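# Residue-level structure breakdown
Residue strings, one per chain:
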Amino acid sequence: MTLKVSTGLRNALLSTGSLVASLGSPVIMIYGNAVPATADAAVTGTLLCIISQNSTGDPLAFDPAAGGTLPKAAAQVWSGINVASGTATHFRIVDSALPDDGTASTTQKRLQGTCGTAGADLNMSSVNLTAGAPQTIDASNITLPTF
């Protein structure tokens, strides 16, 4: 699978040079149903969970990048409480400080990928989420390809 970067995030990376700075106060929004064709497209499906620091809504953090990979901050717990039941199919990392209403946009800074149990951009122990249950992400890496 391949992560999809919105036009707004690509422009920010070209201007600032920093993925971490461009994402601002990141959270992960996990959705069910059809995956949008691009990160610029309107979100599709049902919002199943918002992953933040310790389920508090506080932004996620990353450890320093190495070897072209940006890892989840090892000291941080990434979690959320499922807001709906469904099968997780895709996610978007968005800036929680700049609310993303999910409409089509070439200015919103979004990173989009697929969810699965293996071979996806976000591998989960189960993609079947139940409303009210906790959801955690124990490990995560964002890797940029070599050019």
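Everything below is about the structure printed above this text.
The shown structure was predicted, so the numbers you read here are calculated from the model rather than taken from an experiment.

What counts as what
Residues numbered from 1 in each chain as written. Predicted model: local features only at pLDDT ≥ 70, side-chain atom pairs only at ≥ 80, totals over all residues. Heavy atoms only, no water. Helix = DSSP H or I, 4+ residues; strand = E, 2+ residues; numbered from the N terminus. Polar contact = N/O pair within 3.5 Å; in protein donor to acceptor, adjacent residues only side chain to side chain. Contact = heavy atoms within 4.5 Å. Salt bridge = Lys/Arg side-chain N within 4 Å of Asp/Glu carboxyl O. Phe/Tyr/Trp six-rings, centres within 6.5 Å; stacked < 30°, edge-to-face > 60°. Buried < 20%, exposed > 50% of the residue type's maximum accessible area, 1.4 Å probe, protein only.

## Some thoughts on the side chain of Ser79
- With respect to the helices and strands, the residue Ser79 is situated in strand 5 (residues 78–81).
- In terms of polar contacts, Ser79 uses its side chain to reach the side chain of Ser55, at 2.8 Å.
- Among all residues touching Ser79, those that are not within four sequence positions of it are Ile50, Ile51, Ser52, Asn54, Ser55, Gln135 and Thr136.

## Structural notes on the pattern of salt bridges
- Across all of its chains, the model carries one salt bridge by this definition.
- A salt bridge links Arg110 to Asp100; the nearest nitrogen and oxygen atoms lie 2.6 Å apart. With Arg110 in strand 7 (residues 110–116) and Asp100 in the loop between strand 6 (86–95) and strand 7, this pair connects stretches of sequence that are 10 residues apart.

## Description of the packing of aromatic side chains
- Evaluation of the coordinates by the stated rule reveals one aromatic pair.
- Taken together, a centroid distance of 5.6 Å and an interplanar angle of 85° make the contact between Phe62 and Trp78 edge-to-face. Of this pair, Phe62 sits in the loop between strand 3 (46–53) and strand 4 (69–71) while Trp78 sits in strand 5, placing them 16 residues apart in sequence.

## Quick word on helix 1 (residues 7–16)
- Buried within helix 1 we find Thr7, Gly8, Leu9 and Ala12.
- Looking at the packing, one finds that the buried side of helix 1 touches strand 1 (4–5), helix 2 (19–23) and strand 7.
- Just past helix 1, the residue Gly17 takes up positive phi, approximately 80°.

## Focus: unusual backbone geometry
- Phi is positive for Asn33, close to 80°, though the residue is something other than glycine.
- For Ser55, which is not glycine, the phi dihedral falls at a positive 60°.
- As for its placement among the helices and strands, Ser55 is situated in the loop between strand 3 and strand 4.
- Judged by relative accessible area, Ser55 falls into the partly exposed class, the value being 38%.

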